[in-house]
Amino acid sequence: MPQGAQHTQKRLKSHLGRPAVISYGALFNTWLRMSDTTRNSDTTRNEQTPPLVWTNALMFALTLGAAAILVPWYGLTRGFSPAAWAAFVLFAGANGMAITAGYHRLWAHRTYEAHWSLRLLYLVFGTMALQNSVFAWCSGHRAHHLHVDDVDRDPYSARRGFWFSHIGWMLRHYPSGRPDFCNIPDLRRDPMLAFQHRYYVPLALATNIGLPLIVGILFHDLWGMFILAGVLRLVWSHHVTFFINSLAHMWGSRPYTEDNSARDNPVLAVITYGEGYHNFHHIFAHDYRNGVRWWQWDPTKWLIAGLQLFGLTRRLKRTPVFQIQRALLAMQFTRARERLAKTPNAGHSHIEQLRARLAHEYESFLAAVADWARVKEQWLGEKKRAVLEQWDQVDLQSKLREIERRLSLQLRRMRMLQAQLA
Ligand SMILES: [Zn+2]
Ligand SMILES: [Zn+2]
């Protein structure tokens, strides 16, 4: 048993004393030990296990334990009212969206601007989600994007294993998770965010206890509301958000880039309000969408775009279609080359044909990229004059769209070529 775990167990035994309680202590201890994955990391294996963050460890363990016991017990003995289930769904949705649309896409990445009333709502329900203040959350998340997968600098590096990236990183004072607000100067200037950070603990307690209490009184169902809209809602919204740091870096495809571990996964997108398209997000983090295609399940992007109609959001940032296609095609070429390299050479005429087609496709890809860069430069140069002289640059814009059409046809051809190589 590692030194730190022994120490923790001894402390638990001496503190709690009674055998019946020790078994709970041992269970809790085992749970904590699962996060000690730094022992296996190449760079940190010689470090001692960092000290526990007791408040986090107890909060996660107690809420999970309470949900696992209280929900089935109360459900089987008393039964939950439809109002309690409705409050669970509404609060869980509001917490999730406040984190994805507010904490993540508004504050961490600045992908759009929001009216103060919307920001206030994000703050109320984001605080209720109990994932720390916007300052702490966004500072950690910006470090995650900047140093993604780095075991020493990414606070929830997926290279340290599922458990660490899911929850373990919050259970101990790891050096990689040390707060450094130097990367959030823009947020620190916002008085609403400074207020939330300063009074985070009382605000978190007030929202988590107060809101379920209010609906409990309104619907004459205090216990049902406390268990579903309070405890189960908190555990659910914690873990679905945590999946974005863990599973979304392990399970799924990488259509845009293999430079990092982030994955696109439509199943995860369904439970994470659209955040499952994480491969796209890591390469184009300034885009307010994660599921960039219109049919991809991303309720967060629909919320942000929908609220624009009411003037609550504005200046939504979108990645140009060309850049998205270029990333997709670059990955297609890399994969096709890898597959061809694995195929035995031996002058097989079919393989030779495919090789020649690939070379030809790559040439036309490079030509399209060069054309786009040239037209774009021309377009930017003339943009200023066009604004001043009030004329349209329809001609240059249609040239850019034509290049995008060329790339989208090429994407289709490359998918067929990949199918032949498979
Ligand atoms: Zn990520
Ligand atoms: Zn992000």
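As the structure is a prediction and not an experimental result, all values here were calculated from the model.

Participant: Provide a residue-level description of the overall build of the chain, including the pertinent values.
Facilitator: Secondary structure summary: the chain contains 17 helices and two strands in total. Once local pairs closer than 6 in sequence are excluded, the contacts in the chain between residues at least 24 apart make up 67%.

Participant: Explain helix α15 (residues 321–342) to me, using residue names and the numbers behind them.
Facilitator: Here α15 spans 32 Å end to end across 22 residues, near enough to the 32 Å set by a 1.5 Å rise per residue. Every buried residue of α15 is listed here: I324, Q325, L329, Q332 and A336. Summarising the axial view, the buried residues of α15 lie within an arc of 120 degrees, below the 170-degree limit, and thus occupy one face. Exposed residues lying more than 90 degrees from the buried face of α15 are T334, E338, A341 and K342.

Participant: Got a sec to walk through helix α3 (residues 54–77)? Specific residues and values, please.
Facilitator: Helix length check: α3, at 24 residues, gives a terminal C-alpha distance of 33 Å against a target of 34 Å (1.5 Å per residue), a fit within 8%. G79 sits one or two positions beyond α3 and adopts a positive phi of about 85 degrees.

Participant: Give me the packing of helix α4 (residues 82–108) against helix α11 (residues 222–245): which residues, what numbers.
Facilitator: Between α4 and α11, the least distance of the axes is 9 Å, while the angle of their chain directions is 30 degrees. Crossing of α4 over α11 shows right-handed handedness. Between α4 and α11, the residues in contact are A84, W85, A87, F88, F91, A92, N95, G96 and I99 and G224, M225, L228, A229, L232, R233, W236, S237, V240 and T241, respectively.

Participant: Describe the nonpolar core, naming the residues involved and giving the relevant values.
Facilitator: A98 and C138 are the most contacted members of the largest nonpolar core, which has 41 residues in total. Listing elements by their share of this core, those giving two or more residues are α4, α5 (116–128), α6 (134–146), α10 (200–218) and α11. Per-element accounting of this core gives the leading share, 14 residues, to α4. Discounting chain neighbours no more than four positions away, the residues touching A98 are Y103, Y122, F125, G126 and A129. Residues F60, F243, L247 and A262 belong to the second largest nonpolar core, which totals 20 residues.

Participant: So, unusual backbone geometry: which residues are in play, and what are the values?
Facilitator: Peptide bonds are mostly trans, and most non-glycine residues show a negative phi. Residue N132 is not a glycine yet carries a positive backbone phi of 75 degrees. With phi around 50 degrees, H220 is a residue other than glycine that occupies positive phi space. You can see H220 is positioned in the loop between α10 and α11. Residue H220 is classed as exposed on the basis of its C-beta count, with 10 C-beta atoms lying within 10 Å.

Participant: Let's hear about the environment of A248: which residues, and what values?
Facilitator: Topologically, A248 is positioned in the loop between α11 and α12 (266–271). Spatially, the C-alpha atoms of A248 and A158 are 9.2 Å apart, while their sequence positions differ by 90 residues. Once you skip the residues sitting within four places of it in the chain, A248 turns out to touch F243, A262, R263, N265, L268, E275, G276 and H278.

Criteria and cut-off values
Residues numbered from 1 in each chain as written. Chains lettered and ligands numbered in written order. Predicted model: local features only at pLDDT ≥ 70, side-chain atom pairs only at ≥ 80, totals over all residues. Helix = DSSP H or I, 4+ residues; strand = E, 2+ residues; numbered from the N terminus. Contact = placed C-beta atoms within 7 Å. Expected span 1.5 Å × (residues − 1). Buried ≥ 20, exposed ≤ 12 C-beta atoms within 10 Å, placed from the backbone. Arc of directions from axis to C-beta. Axes fitted to C-alpha atoms, helices over the stretch in contact; angles between N-to-C directions. Left-handed = near helix turned anticlockwise from the far one by under 90°. Core = buried A, V, L, I, M, F, W, Y, C linked by C-beta atoms within 7 Å.

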